[in-house]
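# Chain and residue survey
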Amino acid sequence: MATNMIVRTNQSDATQSYASQPTYYVDVDIVNDRLIWTAGSALVYQHCGYSPTGAQLDEAATLILATAVEVVYCFLDDVSSADKLKQVIGASSGNNRYVFCFSFDGATATEPTLEAWDDNTHSTAVLHVLGNGTPANSMVHGICTTVAPPGASWTGTPLAASSKVNLNNGAGPLAVATDLYGNIYIKIPASYPTPETSQPVIAVRYTYS
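Basis of the calculations
Counting starts from 1 at the beginning of each chain's written sequence and moves along it residue by residue. Only residues with pLDDT of at least 70 are given local features in this predicted model, and only at 80 or more are side-chain atom pairs given and counted; all residues enter the totals for whole chains, interfaces and linings. Side-chain measures here rest on the full set of heavy atoms in the structure, leaving out hydrogens and waters. Each Phe, Tyr or Trp ring, with Trp reduced to its six-membered ring, pairs with another whose centre is within 6.5 Å; inter-plane angles below 30 degrees give stacked pairs, above 60 give edge-to-face pairs, and intermediate values give tilted ones. The classification of residues rests on relative accessible area computed with a 1.4 Å probe and restricted to protein chains. Under 20% of the type maximum is buried, over 50% is exposed, and intermediate values are partly exposed. The criterion is that NZ of a Lys, or CZ of an Arg, lies within 6 Å of the ring centre and within 35 degrees of the ring normal, and then a charge sits over that ring. Salt-bridge detection follows one rule: a side-chain nitrogen of Lys or Arg within 4 Å of a carboxyl oxygen of Asp or Glu. Numbered from the N terminus, helices here are DSSP runs of H or I no shorter than four residues, and strands are runs of E no shorter than two.

## Notes on the packing of aromatic side chains
- For the coordinates displayed, the defined rule picks out six aromatic pairs.
- Relative to Y25, the ring of Y18 has its centre 5.7 Å away and its plane inclined at 85°; by these criteria the two rings are edge-to-face.
- According to the relative accessible area criterion, Y18 is partly exposed, its value standing at 22%.
- On the accessibility criterion, Y25 (7% relative accessible area) is buried.
- Each ring, one from Y206 and one from Y208, has its centre 6.4 Å from the other, and the planes form 45°; the classification is tilted.
- Look at Y206 and you get buried, because its relative accessible area is 19%.
- Through a chain of ring-to-ring contacts, three or more aromatic side chains come together here, namely F104, Y206 and Y208.
- Seen from the ring of Y18, R8 lies directly overhead, with NZ or CZ sitting 4.0 Å from the centre.

This is the structure in structure tokens:
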């Protein structure tokens, strides 16, 4: 029988797990919803009530600076809700453990991994945000927080192609239904020469038997 996964984002308090405070989390519709990393603007903000257009997101983009800059906000564009944009609480390089929750309803044959790709073919990672073909240079940083907080100012793993994060903290496949956790942030290198508007795919890969 298939093992299913629900992705959930924390909307209230990154010190609380889904098991302890399920109302703090929102389920992600992986077909229709999207995650938006942005500097925010007068038109792109929490509970704005609409899905921002590409032009609005461009206006709210994080500017490339002479020093490295972390993208301030991660929003869930929850298309089924009236208030639409919902800030993902704790999605940053801060010491936040319960941010992205991956809930599995059964055992897996392989350890679930957090990955990033150009698109949903999961075959290339050449976007600038993903390192322009060099995974170690990816601006997307991920870390497993299933067993402990990540620590302050964590770097984690640059997510791109085969550069990925084991979400069961390296303990292997899941034996039973469980919740795994991770955190993600985007940091733009200092004076990066090429601006980009992109839509990389964040994926969780696992098999079951």
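## Focus: the pattern of salt bridges
- Summed over the entire model, instances satisfying the criterion amount to four salt bridges.
- Note that R8 is salt-bridged to D27, the shortest N-O span being 2.8 Å. Highlighted residues: R8 in strand β1 (residues 5–10) and D27 in strand β2 (residues 25–27), separated in sequence by 19 residues.
- Since its relative accessible area comes to 39%, D27 is described here as partly exposed.
- Put simply, R34 and D77 hold a salt bridge, and the shortest N to O gap is 2.9 Å. On the criterion of sequence distance, the pair formed by R34 in strand β3 (residues 34–38) and D77 in strand β5 (residues 73–77) is long-range, its members being 43 residues apart.

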